[in-house]
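Here's the letter readout for the chains.
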Amino acid sequence: MKEKISVIGLGYIGLPTSVLFAKSGYEVLGYDSNTEIVDALNKGKVMIKEPFLEEELAEVIEAKAFKAYTELQEAQIYIICVPTPLTDEKKADMSFVRQAAEAVASLLKAGDTVILESTSPPGTTEELIGPILSKGGLKAGEDFFLGHSPERVLPGCMLKEIVENDRIVGGVKPASADRIRSIYESFVKGEIHKTDARTAELSKLVENTYRDVNIALANELAILCEDEGIDVFEVVELANNHPRVHVHMPGPGVGGHCIAIDPWFIIEKQKKSSVILASRQVNDHMPAYTFKKAKSLLALSENNKAKIAILGCSYKPNVDDLRESPVLELVDLLEKEGNIEIALFDPYVIDKEFPQKKYLTENVEEAFEDANLLVLAVHHEVFKELDLESLKDLMSEAIFLDTRNFFERKLLEEMGYEYYKLGCGA
Ligand code: SAJ
């Protein structure tokens, strides 16, 4: 008899996780409160663009190893993969985790295992989930196993990363860590590192906070280089030649549902201001900084009509994910400024709904038509195929702001563009 796993939350993490457990011999009963998602999944339709996910889902549905439900199903193992967004006060919104824990508590039996995958502030597993699950008298870590195992996936190559990356499993007791490790050993090829629950929670936050602080360093250098007439990308490249230096890349801001969010879960635990908070503030300032730079370039244009064409608006290259996208904040600032016509071109987001969609153009020509300034905001690989030479002729002025060091200055200047780079005063 196959062990049953109930996965709560069938989104970016819950769905790939469900598929992999189903492929490795478990019977997975997925649960999501969104009936549209449940219906689509049971028809083999995946709502997120992730390579191979739909094919793998079809396989496990065919094998009757996965089915989605709108009610939580009884199982031996419960894995919580629900969102942990930020409140307006930049605190962790744990309402979805709380609801999930309450649902599990109503079905929990002795000997079961409960795993929190959602990225959470340190202490969540023991202090929030444990007491909810123990309300019926069962003791966490004794009558049932409880722990935290954070995911480490890169959107766009999730299935590969969930399998191959090392994994952290943290238990409220060592026996819980052992039990959770044995469950993930069914498909994880990377090393599985055991620890306690709160160490596991903080380790996950540190992974993304490290990147955020590092990106903030790059962005702060970009602002300095603008004033100093230096190219920050050259500085970073040269500094990174050192065997133990890895400065990240500057840009128009930090988006996504991880790096822009996770550091706040540490900040809320800190007693005083920190480099983590200062880094968040630097990165959150970059859309305004880019807006200022764009405005200064627009002021160079001879005619008073101003149109900006923005290439890319998802939160990072080659994905359709718009969450926390800094480019959307840049668009809002341009809109607020008034008397600037805005055209967005991003082939990844044409079937997404978002407030700034009204600026999205059908094709790239429409975006370039009559524009004074072109901003490369997201370095989607497909933009390398654009025929910038002929597109330039559609513009009323060919001023180009590259926020990602994505194009060759020499090449664009030979085409007749006035080429500028964010973080490059030269
Ligand atoms: N960014 C920069 N400069 C850089 C790198 C990124 O400005 O040098 C920006 C990107 O443009 C984007 C944002 O930061 O707006 C985040 O992009 P990302 O690719 O760095 O991060 P995510 O959110 O797609 O994925 C991260 C990854 N975490 C780490 O690399 C430590 C991923 O492995 C995690 O699993 C994921 O967060 C998560 O789910 O936590």
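Before reading on, note that the structure itself is shown above.
Residues numbered from 1 in each chain as written. Predicted model: local features only at pLDDT ≥ 70, side-chain atom pairs only at ≥ 80, totals over all residues. Heavy atoms only, no water.

Draft legend 1. Structural view of the overall build of the protein chain. On a plain count of helices and strands, the protein chain comes out with 15 helices and 13 strands. In terms of C-alpha radius of gyration, the protein chain reaches 24 Å, essentially the compact-globule figure of 22 Å for 426 residues. The C-alpha extent of the protein chain, read off along each of the three principal axes, is 75 × 50 × 40 Å. Here the protein chain, with 426 residues, has 54% of them falling under the buried criterion. For the protein chain, the share of sequence-separated contacts (at least 6 apart) that also reach a separation of at least 24 residues comes to 73%. Summed over all atoms, the accessible surface of the protein chain reaches about 18900 Å², with 53% contributed by carbon and sulfur. In the protein chain, the 47 positive side-chain charges and the 72 negative ones have mean positions that sit 6 Å from each other. (Helix = DSSP H or I, 4+ residues; strand = E, 2+ residues; numbered from the N terminus. Rg over C-alpha atoms; globule rule 2.2 N^0.38 Å. Buried < 20%, exposed > 50% of the residue type's maximum accessible area, 1.4 Å probe, protein only. Contact = heavy atoms within 4.5 Å. Areas by Shrake-Rupley, 256 points an atom, 1.4 Å probe, with all protein chains shown as cover. Lys, Arg positive; Asp, Glu negative; His and termini not counted. Charge placed at Lys NZ, Arg CZ, Asp CG, Glu CD.)

Draft legend 2. The arrangement of the packing of helix H11 (residues 275-298) against helix H12 (residues 326-337) in detail. Packing of H11 against H12 leaves a shortest axis separation of 9 Å and a crossing angle of 45°. In terms of axis orientation, H11 runs oblique to H12. Viewed along their axes, H11 and H12 form a crossing whose handedness is right-handed. Side by side, H11 and H12 meet where Asp284, Pro287, Ala288, Thr290, Phe291 and Lys295 of the first sit next to Pro326, Glu329, Leu330, Leu333, Leu334 and Glu337 of the second. Of the residues that constitute the contact of H11 with H12, the class distribution is seven nonpolar, one polar and four charged. (Axes fitted to C-alpha atoms, helices over the stretch in contact; angles between N-to-C directions. Parallel < 35°, antiparallel > 145°, perpendicular 65-115°, else oblique. Left-handed = near helix turned anticlockwise from the far one by under 90°. Nonpolar A, V, L, I, M, F, W, Y, C, P; charged D, E, K, R; others polar.)

Draft legend 3. Geometry of the environment of Leu411. Structurally, the position occupied by Leu411 is in helix H15 (residues 409-415). Taking relative accessible area as the criterion, Leu411 reaches 46% and is therefore assigned partly exposed. Counting along the chain gives 43 residues from Leu411 to Phe368, while the straight-line C-alpha distance between them is 18 Å.

Draft legend 4. Seen up close, H11. Taking 1.5 Å of rise per residue, 24 residues should cover 34 Å, and H11 covers 34 Å from first to last C-alpha, within 8% of that figure. At Met286, H11 is deflected by roughly 35°, the largest bend along its length, and proline Pro287 occurs up to four residues later in sequence. Where H11 begins, one side-chain oxygen reaches toward the backbone nitrogen of Ile276, 3.1 Å away; that side chain belongs to Ser274. (Expected span 1.5 Å × (residues − 1). Bend = angle between axes of the 7 residues up to and from the residue. Polar contact = N/O pair within 3.5 Å; in protein donor to acceptor, adjacent residues only side chain to side chain.)

Draft legend 5. Summary view of the pairing of strand E9 (residues 307-311). Counted residue by residue, E9 has five buried out of five residues, so it is predominantly covered. Side chains Lys307, Ala309 and Leu311 project from E9 onto one buried face, and the interleaved Ile308 and Ile310 project onto a second face that is buried too. Pairing of E9 with strand E10 (residues 341-345) involves five bridges; the strand directions are parallel. Paired with Ala309 across the strands is Ala343, a residue of E10. Direction of pairing for E9 relative to strand E11 (residues 373-376): parallel, over a ladder of four bridges. (Pairing = 2+ DSSP bridges.)

Draft legend 6. The arrangement of the site of the ligand in detail. Surveying the vicinity of the ligand reveals 20 residues, the closest of which are Val153, Lys204, Arg211, Met249 and Tyr315. In the environment of the ligand, an oxygen atom lies 2.6 Å from a nitrogen or oxygen atom belonging to the backbone of Val153. Of the residues that constitute the shell around the ligand, the class distribution is nine nonpolar, four polar and seven charged. (Near = heavy atom within 4 Å.)

Draft legend 7. Here's a closer look at helix H4 (residues 95-105). Every buried residue of H4 is listed here: Val97, Ala100, Ala101 and Val104. Axial view of H4: buried residues confined to an arc of 100°, hence all on one face. Taken together, the buried residues of H4 touch strand E1 (4-8), strand E4 (77-80), strand E5 (113-116) and helix H5 (124-133). (Arc of directions from axis to C-beta.)

Draft legend 8. A nonpolar patch on the surface, seen in detail. Residues Leu202, Val206 and Tyr210 make up a contiguous nonpolar surface patch of roughly 250 Å² in combined accessible area. Summarising the element assignment, Val206 is placed in helix H8 (residues 197-228). (Patch = residues over 30% accessible without salt bridge, like charges linked within 9 Å, V, L, I, M, F, W, Y side chains within 5 Å. Salt bridge = Lys/Arg side-chain N within 4 Å of Asp/Glu carboxyl O.)

Draft legend 9. View of a negative patch on the surface. Together, Glu341, Glu362, Glu366, Glu369 and Asp370 make up a region of like negative charge exposed at the surface. Along the chain, the position of Glu369 falls in the loop between helix H13 (364-368) and E11. Judged by its relative accessible area of 41%, Glu369 falls in the partly exposed class.

Draft legend 10. Quick look at the environment of Lys272. Following the sequence through the fold, Lys272 ends up in the loop between helix H10 (262-267) and H11. Along the chain, Lys272 and Glu228 lie 44 residues apart, while their C-alpha atoms are 32 Å from each other.

Draft legend 11. Spatial organisation of the sheet that holds E4. Ordered in space as E3-E2-E1-E4-E5-E6-E7-E8, the eight strands form an open sheet in which the pairing is mixed. Two strands bound the open sheet, and with one partner strand each, they are strand E3 (66-69) and strand E8 (192-196). With direction set aside, neighbouring strand axes in the sheet form an average angle of 25°. Pairing of strand E6 (residues 145-148) with strand E7 (residues 167-171), which is carried by two bridges, proceeds in the antiparallel orientation. The residue bridging Gly147 from the neighbouring strand is Gly171, located in E7.

Draft legend 12. Region of interest: the environment of His379. With respect to the element layout, His379 can be found in the loop between E11 and helix H14 (388-392). Residues contacting His379, with those up to four places away along its chain left out, are Pro317, Asn318, Arg404 and Phe406.

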